[in-house]
Amino acid sequence: MNASFASLIRQGFAAHRTLILYFFIGVSASLIDVVGFFVFHTFFGIISTLATTYSVVLATIYAFILNAHFNFKQTDRFLFRFLSYSFVSGVGLGISALMLWFFNVRMGFDGNLIKILSLPIVFVVQYLLNKKVTFESKQSNNE
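Below is a summary of the structure that appears in this document. From a predicted model like this one, the values you see are computed outputs, not experimental measurements. Here the residue numbers are simple positions, counted from 1 along each chain's written sequence. Only residues with pLDDT of at least 70 get local features here, since the model is predicted, and only at 80 or more are side-chain atom pairs given and counted; chain-wide, interface and lining totals rely on the full set of residues. To obtain the side-chain values, all non-hydrogen atoms of the structure were included, while hydrogens and water were left out.

A helix here means a DSSP run of H or I that spans at least four residues, while a strand means a run of E at least two residues long, and both kinds are numbered starting from the N terminus. The helix and strand inventory of the protein stands at six helices and zero strands. Starting at the N terminus and ending at the C terminus, the protein contains elements arranged as α-α-α-α-α-α. On the principal axes, the C-alpha backbone points of the protein span a range of 50 × 40 × 20 Å. Here the term buried applies to any residue with accessible area under 20% of the maximum for its type, exposed to any over 50%, and partly exposed to those in between, with areas from a 1.4 Å probe on protein chains only. Sorting the 143 residues of the protein into buried and exposed places 34% on the buried side. Pairs of residues are marked as contacts when any of their non-hydrogen atoms sit within 4.5 Å. Relative to all contacts within the protein whose residues are 6 or more apart in sequence, the contacts with residues 24 or more apart total 66%. As presented, the protein carries roughly 8,900 Å² of accessible surface, and 73% of it is formed by carbon and sulfur atoms. Distance between charge centroids for the protein: 4 Å, based on 10 positive and 5 negative side chains. Here the accessible surface of atoms and residues is derived via Shrake-Rupley with a 1.4 Å probe, and residues count as covered only by protein chains that are part of the display. In summary, the charge assignment counts Lys and Arg as positive and Asp and Glu as negative, without counting His or the chain termini. Charge positions come from single atoms, namely NZ of Lys, CZ of Arg, CG of Asp or CD of Glu.

And the structure:
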């Protein structure tokens, strides 16, 4: 039974490798985003909407490089992919900034809490867009 369970785990990982790696890259990028936001906002006193811009840029560059080289292994059309990934990150930044503006600036909730609560929403939107646009290979169109 243990061998069967281990086999199922290996098969599941193989079948969903890209999603699993995307998740872990996203988690580590989110950590960079949150820590960067905390440092910019709390230590440097940068307003929340600008602090989230800086932290998202750092996390975007990091996550794009890891996803392009190690996860999706799509390094052709590198500039196009980076611009696409950046646009998708901009969509996420917009969602995050709007949530911060409304809940932190207008309603007075803690900016760090709102930043963390925005992450799942941003993750889902970005995953769906990046999967369909940024990292779709020409081969996957033919399958």
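Here we come to the nonpolar core. One recurring pattern in soluble globular proteins: nonpolar side chains tend to sit buried together. Within the largest apolar cluster, eleven residues are counted, these being Tyr22, Ile25, Ala29, Ala59, Ala63, Phe64, Ala68, Phe72, Tyr85, Tyr127 and Phe135. Elements that contribute at least two residues to this core include exactly helix 2 (17-43) and helix 3 (48-71). Take this core: its biggest share by element is four residues, from helix 3. With sequence-adjacent residues up to four places away left out, Tyr85 is seen in contact with Thr60, Ala63, Phe64, Asn67, Asn130, Thr134 and Phe135. Put simply, a nonpolar core is a bunch of buried Ala, Val, Leu, Ile, Met, Phe, Trp, Tyr and Cys residues held in one set by side-chain atoms that sit within 4.5 Å of each other.

This next bit is on the packing of aromatic side chains. Aromatic rings from Phe, Tyr and Trp, with only the six-membered ring used for Trp, were paired whenever their centres fell within 6.5 Å, and each pair was classed as stacked if the ring planes differed by under 30 degrees, edge-to-face if by over 60, and tilted otherwise. Scanning the entire structure with this criterion turns up 16 aromatic pairs. For the pair Tyr22 and Phe123, a centre-to-centre distance of 5.8 Å together with 50° between the ring planes defines the contact as tilted. Linking Tyr22 in helix 2 with Phe123 in helix 5 (residues 111-134), this pair joins segments that are 101 residues apart in sequence. On the basis of relative accessible area, Phe123 is assigned to the partly exposed category, the value being 25%. Members of the aromatic cluster, connected to one another through ring pairs, are Tyr22, Phe23, Phe24, Phe64, Phe72, Phe78, Phe82, Tyr85, Phe123, Tyr127 and Phe135.

Topologically, Phe38 is positioned in helix 2. Judged by its relative accessible area of 35%, Phe38 falls in the partly exposed class. C-alpha separation for the pair Phe38 and Lys115, spaced 77 residues apart in sequence, amounts to 9.3 Å. Those residues within four positions of Phe38 in sequence are excluded, and the remaining contacts are Phe43 and Asn112.

Before going further, it helps to examine helix 4 (residues 78-106). In this scheme, a helix's expected span is set at 1.5 Å multiplied by one less than its residue total. With 29 residues, helix 4 extends 40 Å from end C-alpha to end C-alpha; this agrees with the ideal 42 Å at 1.5 Å per step. Approximately 25° is the largest bend angle found in helix 4, and it occurs at Leu100. Among the residues of helix 4, those classed as buried are Arg81, Ser84, Tyr85, Val88, Ser89, Gly92, Leu93, Ser96, Ala97, Met99, Leu100 and Asn104. Of the residues flanking the end of helix 4, it is Gly108, one or two places downstream, whose phi is positive at about 85°. Fitting axes to the seven residues that end at a residue and to the seven that start at it, the angle between those axes gives the bend at that residue.

Put simply, helix 4 and helix 5 touch, their axes get as near as 9 Å, and they point 150° apart. Judged on the interaxial angle alone, helix 5 and helix 4 are roughly antiparallel. As for how helix 4 packs across helix 5, the hand of that crossing is right-handed. Classification convention: Asp, Glu, Lys, Arg as charged; Ala, Val, Leu, Ile, Met, Phe, Trp, Tyr, Cys, Pro as nonpolar; all other residues, Gly among them, as polar. Its residues assigned to classes, the contact of helix 4 with helix 5 comprises 14 nonpolar, ten polar and two charged. Inter-axis angles, ranging from 0 to 180 degrees, are taken between N-to-C directions of lines fitted to C-alpha atoms, where helices are fitted over the stretch in contact. Every angle not falling under 35 degrees, over 145, or within 65 to 115 is termed oblique; those three ranges are roughly parallel, roughly antiparallel and roughly perpendicular. With the far helix as reference, a near helix turned anticlockwise by less than a right angle produces a left-handed crossing, and one turned clockwise produces a right-handed crossing.

Before going further, it helps to examine the side chain of Asn67. Structurally, the position occupied by Asn67 is in helix 3. Among the residues examined, Asn67 registers a relative accessible area of 1% and is labelled buried. For Asn67, the contacting residues outside a window of four places in its chain are Tyr22, Ile25, Phe72, Lys73, Tyr85 and Phe135.

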